Amino acid sequence: MNFNKETIDKLISNSFEIDCIDICLTQKTDKNPIIYTGPGTIYQDEHGILQLKLYSKINDIDKELSHQFKHYTPGEIIADDNYFTLRATAMSGKKWVADNIWISTNAFFPAAGLVIKTKIDEIKNIEPNKTRSNTEKKYLFILVPGQYKMPCNKAEDLPNGGWRLNRTVFSANEIDFEFKKYDDYLTIHANAKTGKLDKDVYLKLIEALSIITGCKVRPIVIKNTQKDKDELKIKSVNNSFTNKKLFPPFKHFAPTDFESFTCFLEKYLVNIKSPFSDIFGFWHKINRAWQASIENSSLSIGVAIEGTLKSYFSEIGLADEEILQQAKEAKQLIEDSGLGERIKNRFFGSIGLLKNASPKGALNQMVQEKWLNKAMVSEWEKLRNKSVHPDKMNQDPIAFQKYINRINTCLTLFYRLVFIIIKYEGSYIDYSERGWPEKKFKLKNE
């Protein structure tokens, strides 16, 4: 498929459609599956959700009706055999597939056939690519709806002889990238030798870009050109999705922000070994809570910091040998003390916790390494305690400002943990200080 301006405009304006000469929906079961076949259309609705409309003959009315009006037990996971796979042939001859299609019970049944209307998360086309069979490079194209600010360093020539600064061109982890921003969408082109641009790269790239911009980046098109095949995905992107911007870790708007932008992307691609990592999961939880309320944000940030410490810094903050020896001696003293069993068990439980790394201990060790400061650790403790044991929010302007400052300080703490994990060094915004100054983060501080 050629993603020229006309095709992109249709996708961005939610007017894209594929007329199909044949569509086949097959139930996901090996035993006598229900199959619906016929012509139809795959199209975007006004919200950007891919929809399917299929006209199918009724082949076995009892069988098909029994599925449509099947009873599902509330609270139980719906089994795979209640879903369908899709195979469709467009008028152009291009083949499309999709998985986990849910056919709702409100399908309309006329006398000789039925009309199936349902939504699709994504459709995929895979075709052999003979023209590139001798090349050693892979190519990636991503189309993202929305307005994004990039630290552009290259201009695009315009047909009228003018130009506009809208391209960010760089190399990271032996991959050549070009980000190009337009009024209402962003395109990403990448190419690299075989092995460097595998299927996980685009997912990690989207994760890193989400953290940088503070918004969840949701691509509508992903085209991956490999040595012997082209894989194209078109996805549902709901334009009613709440995507309020979380404060970003550093500035990424001007050409002067280019170094921080490219450094973060490269470090993320290199040091996050696989997509859907814990650190992105914690960022995602913060981002989603940010959409709701201040109270939700405070709880999410506090928990995300603790989770990050447990996932990535489990060896930091462990008790030293001296205090462990003292704990052993204390256990013997308590055992010989003649105290009641209940209180002794309480003491033993507290002593046993010394064998585990504590989040506070890990943070305090990072203070010694000068990655954090004591004020950040103190503010995290206060935020964590207040979030877990909530009181009615104090509406006094001074108290409310302190609460906001505490959230911003903890967000800065979280970003510093991200920097340490991916080994990023560069500019960042210090939300813990008044005026939010721009500073430099270093992994080894003097």
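Let us look at the structure shown here. Keep in mind it's a predicted model, so treat the numbers as computed, not measured. Residue positions are given per chain, counting from 1 as you read along its sequence in written order. Residues qualify for local features only when their pLDDT is at least 70, as the model is predicted, and side-chain atom pairs are given and counted only at 80 or more; totals for whole chains, interfaces and linings, by contrast, use all residues. Note: side-chain values were computed over all heavy atoms of the structure, leaving out hydrogens and water.

1. So, the overall build of the chain
Here is the rule: Starting at the N terminus, helices and strands are each numbered in turn, a helix being any DSSP run of H or I of at least four residues and a strand any DSSP run of E of at least two. Three labels apply to residues, based on accessible area from a 1.4 Å probe with only protein chains included: buried if under 20% of the type maximum, exposed if over 50%, partly exposed otherwise in between. Residues count as neighbours in contact if any of their non-hydrogen atoms are within 4.5 Å of one another. Residue exposure ignores everything except the shown protein chains as possible cover, and the areas themselves are Shrake-Rupley values with a 1.4 Å probe.
Scanning the chain for helices and strands turns up 11 helices and 16 strands. For the chain, the proportion of its 446 residues judged to be buried stands at 44%. For the chain, restricting intrachain contacts to residue pairs at least 6 apart in sequence, the fraction spanning at least 24 positions comes to 66%. When the accessible surface of the chain is totalled, it reaches about 24300 Å², and 51% of it is carbon and sulfur.

2. Here we look at the packing of helix α5 (residues 278-290) against helix α11 (residues 397-422)
Where we set the bar: Axis lines are fitted to C-alpha atoms, over the contacting stretch for helices. Their N-to-C directions set the angle, which ranges from 0 to 180 degrees. Small angles under 35 degrees read as roughly parallel and large ones over 145 as roughly antiparallel, with 65 to 115 read as roughly perpendicular and the rest as oblique. Crossing chirality is assigned from the near helix's rotation relative to the far helix, an anticlockwise turn below a right angle marking it left-handed and a clockwise turn marking it right-handed. Side-chain classes are defined by residue name, with Ala, Val, Leu, Ile, Met, Phe, Trp, Tyr, Cys and Pro counting as nonpolar, Asp, Glu, Lys and Arg as charged, and the others, Gly among them, as polar.
One can describe the packing of α5 onto α11 by two numbers: an axis separation of 11 Å at closest approach and a directional angle of 160 degrees. For the element pair α5 / α11, the angle class is roughly antiparallel. For the crossing formed where α5 meets α11, the hand is left-handed. Taken together, the residues of α11 that come into contact with α5 (itself represented by I279, F282, W283, I286 and W290) are I407, F414, Y415, V418 and I421. For the contact of α5 with α11, the residue count by class is 10 nonpolar, no polar and no charged.

3. Digging into the environment of I212
Structurally, I212 can be placed in helix α3 (residues 199-213). According to the relative accessible area criterion, I212 is buried, its value standing at 0%. Remark: the alpha-carbon pair of I212 and P248, spanning 36 residues in sequence, is separated by 5.7 Å. Once residues within four sequence positions are removed from consideration, I212 is found in contact with P248, P249, F250, H252, F261, F264 and L265.

4. Concerning the side chain of S236
Condition: Pairs of N or O atoms within 3.5 Å make up the polar contacts considered here, provided that, within protein, one atom can donate a hydrogen while the other can accept it, and that residues adjacent in sequence are counted only when both atoms are side-chain atoms.
With respect to the helices, strands and loops of the structure, S236 is situated in the loop between β14 (229-235) and α4 (258-271). Only 2.8 Å separates the side chain of S236 from the backbone nitrogen of L50, close enough to count as a polar contact. Once residues lying within four places of it in the same chain are set aside, the contact partners of S236 are G48, I49, L50, I120 and D121.

5. What about the packing of aromatic side chains?
Applied cut-off: Aromatic rings from Phe, Tyr and Trp, taking only the six-membered ring of Trp, are treated as a pair when their centres fall within 6.5 Å; an angle between ring planes under 30 degrees marks them as stacked, one over 60 as edge-to-face, and anything in between as tilted. Here, a charge over a ring is recorded when the distance from Lys NZ or Arg CZ to the ring centre is within 6 Å and its angle to the ring normal is within 35 degrees.
Inspection of every chain in the model, using the stated rule, returns 24 aromatic pairs. Judged by centre distance (4.7 Å) and plane angle (45 degrees), the rings of F419 and Y424 are tilted. Residue F419 is classed as buried on the basis of its relative accessible area, which comes to 1%. Classification of Y424 by relative accessible area gives buried; the value is 0%. Positioned above the aromatic ring of F253, the side-chain terminus of K149 is 5.0 Å from the ring centre.

6. Quick look at the nonpolar core
Applicable threshold: Only buried residues count toward a nonpolar core, which is a set of Ala, Val, Leu, Ile, Met, Phe, Trp, Tyr and Cys residues joined through side-chain atoms within 4.5 Å.
In terms of nonpolar packing, the biggest core is built from 76 residues, with F177, F179, F264, I305, M366, F414 and Y415 touching the most fellow members. Among the elements that line this core, the one with the most residues is α11, at 13 residues. Core analysis: the next-biggest nonpolar cluster, separate from the first, contains 35 residues, I103, I120, I123 and L232 among them.

7. Focus on the pairing of strand β2 (residues 35-44)
Both faces of the sheet carry side chains from a regular strand, because those side chains alternate between them. Heads up, the rule is: For two strands to pair, DSSP has to find at least two bridges joining them.
In this sheet, β2 lies alongside strand β1 (residues 17-27) in antiparallel orientation, the contact comprising eight bridges. Counterpart to D19 in the pairing with β2 is T41. Alignment of β2 against strand β3 (residues 50-57), held across five bridges, turns out to be antiparallel. Pairing of I42 across the sheet is with L52, part of β3.

8. Examining helix α6 (residues 294-312)
Using the following cut-off: A helix's residues, less one, multiplied by 1.5 Å, set its expected span.
End to end, α6 covers 27 Å across 19 residues, agreeing with the expected 27 Å (1.5 Å per residue, within 8%). Buried within α6 we find S297, S298, S300, I301, G302, A304, I305, E306, G307, T308 and L309.

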